[in-house]
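Examination of the molecular architecture
So you can see what is in the structure, the chains are spelled out below.
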Amino acid sequence: MAKIKKGDLVQVISGPTQARGGSRGKQGKVIEVLVEKNRVIVEGVNYVTKHVRQGQSQRGTKTGGIETHEAPIHISNVALVDPETKKPTRVGHRNEQVTKNGVTKTVRVRYAKKSGKDL
């Protein structure tokens, strides 16, 4: 089971500091998880400029030029943020019994290891 999912709040824990133009310490929501490449795209983190070839749309407006996008960052360089303390934390899984409509089933639940609270 994945520790980081789409929509989670994460913090960058490695790389250059913000004073040197890096992203370490920044927090943002996960936009996309690239499972096969072990990377995540985080909102507002790791911006890159792309030069897109200029073209024309159907209505005649110009498209292209210099655009900025979020680039993927390796999953080991981000940590999940505990919603209570707003600090990066480790994540664990535990099995819980859930009864719904008279049916009991086992569900894996993520929790913050240091605080022990469910995420």
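In what follows, the accompanying structure is described. (Residues numbered from 1 in each chain as written. Predicted model: local features only at pLDDT ≥ 70, side-chain atom pairs only at ≥ 80, totals over all residues. Heavy atoms only, no water.)

What about the nonpolar core?
One recurring pattern in soluble globular proteins is that nonpolar side chains are buried together. In terms of nonpolar packing, the biggest core is built from 11 residues, these being Ile 4, Val 10, Val 12, Val 30, Val 40, Val 42, Val 45, Ile 73, Val 78, Leu 80 and Val 91. Looking at this core, the elements that each hand over two or more residues are strand S1 (9–12), strand S3 (39–42) and strand S7 (78–80). Not counting the four nearest positions on each side in its chain, Val 45 is found in contact with Val 12, Ser 23, Lys 26, Glu 70 and Ala 71. (Core = buried A, V, L, I, M, F, W, Y, C linked by side-chain atoms within 4.5 Å. Buried < 20%, exposed > 50% of the residue type's maximum accessible area, 1.4 Å probe, protein only. Helix = DSSP H or I, 4+ residues; strand = E, 2+ residues; numbered from the N terminus. Contact = heavy atoms within 4.5 Å.)

Quick look at the pattern of salt bridges
Tallied over the entire structure, the rule returns two salt bridges. Between Arg 110 and Asp 8 there is a salt bridge, and its shortest N-O distance comes to 2.8 Å. Within this pair, whereas Arg 110 is found in strand S9 (residues 103–112), its partner Asp 8 is found in the segment before S1, the two being separated by 102 residues in sequence. Like Asp 8, Arg 110 is buried. The partner of Arg 94 in a salt bridge is Glu 96, and the shortest N-O contact between them spans 3.1 Å. Overall, Glu 96 belongs to the partly exposed group, its relative accessible area being 28%. (Salt bridge = Lys/Arg side-chain N within 4 Å of Asp/Glu carboxyl O.)

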